[in-house]
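Descriptive structure summary
Here's the letter readout for the chains.
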Amino acid sequence: MNSIFKSTGRLSAVLAIGALALGLKAPPGLAQAHPHAGAHNHSSRTQAAGTVLPFDEKTWAHLLQHGPRPAAYVFTTSYCSTCPAAFTAVHQAVKNRKTKPELHAVVMDVTGAQAWRHAAHFEGMTRMYAFDGFEPAIRQAIDPSWPNVTPYVVLLDAKGQTQRVIGPPSAAALKRWLSPA
């Protein structure tokens, strides 16, 4: 993307107009200068309908340091047939808890409205991200040993410890994730 658009804020205006034309709400913080300024406002509220936040090579490190805890991240693709089941397993583990961890879906192969079309598969989702950049570099930043298989689930517990699994997490993994700090 041309850097002049980023530096002048024109990209934000173009994206906001495009979102309005599609009948979508513009993502919160879209007009902010930093690409992650709105992406990391970690409240307990569910993200506004239709918004997909950018996830680049720096996002993961930021979330590990400043993101919500506990939280679950389900990395998926638009064609992954088993990803909704993995998300459902995580959602079922927290569904009846008084304090619910944030549940994030991270779509790796499509962005914007195309990514949001898959939101219905992730009941209980708190936030949706989409890869924004070179996909292998983003995966490398998340986990250098990730074999590019989905669903890839990362459970970040209250202490900041991670568990990484391919497919639905086991009952034991979910229990460890939700154990008090």
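From a predicted model like this one, the values you see are computed outputs, not experimental measurements. (Residues numbered from 1 in each chain as written. Predicted model: local features only at pLDDT ≥ 70, side-chain atom pairs only at ≥ 80, totals over all residues. Heavy atoms only, no water.)

**Topic: the overall build of the protein**
- Looking only at helices and strands, the protein has seven helices and six strands in total.
- Counting from the amino terminus, the protein carries its helices and strands in the arrangement α-α-β-α-β-α-β-α-β-α-β-β-α.
- When each of the 181 residues of the protein is scored for burial, the buried share is 40%.
- Look at the contacts in the protein between residues 6 or more apart in sequence, and 60% of them connect residues 24 or more apart.
- By element, 55% of the accessible surface of the protein is carried by carbon and sulfur atoms, the whole surface being about 9700 Å². (Helix = DSSP H or I, 4+ residues; strand = E, 2+ residues; numbered from the N terminus. Buried < 20%, exposed > 50% of the residue type's maximum accessible area, 1.4 Å probe, protein only. Contact = heavy atoms within 4.5 Å. Areas by Shrake-Rupley, 256 points an atom, 1.4 Å probe, with all protein chains shown as cover.)

**Some thoughts on the sheet that holds strand E5 (residues 152–156)**
- Pairing is mixed across the open sheet formed by six strands, whose spatial order is E1-E4-E3-E2-E5-E6. The sheet terminates laterally at strand E1 (53–55) and strand E6 (162–166), the two strands that pair on one side only. Pairs of neighbouring strands in the sheet enclose a mean axial angle of 25 degrees, with direction left out of account.
- Examined bridge by bridge, strand E2 (residues 71–76) and E5 share five bridges and lie antiparallel to one another. Among the inter-strand pairings, Val74 is bridged to a residue of E5, identified as Val153.
- Together, E1, E2, strand E4 (127–131), E5 and E6 form the strand contacts of helix H3 (residues 59–66), whose direction differs from that of E1 by roughly 105 degrees.
- The sheet strands contacting helix H4 (residues 83–94) are E2, strand E3 (102–107) and E5, and the helix crosses E3 at an angle near 170 degrees. (Pairing = 2+ DSSP bridges. Axes fitted to C-alpha atoms, helices over the stretch in contact; angles between N-to-C directions.)

**What about the pairing of E3?**
- E3 sits mainly inside the fold: six of its six residues count as buried.
- Bridge count for E2 against E3 is six bridges, and the pairing is parallel. Each bridged residue has a counterpart across the sheet, and for Phe75 the counterpart in E3 is Val106.
- For the segment spanning E2, H4 and E3, crossover handedness is right-handed.
- When E3 meets E4, the two strands line up parallel, connected through four bridges. When the sheet's bridge partners are listed, Val106 is paired in E4 with Tyr129. (Right-handed = clockwise from strand over helix to strand, strands pointing away.)

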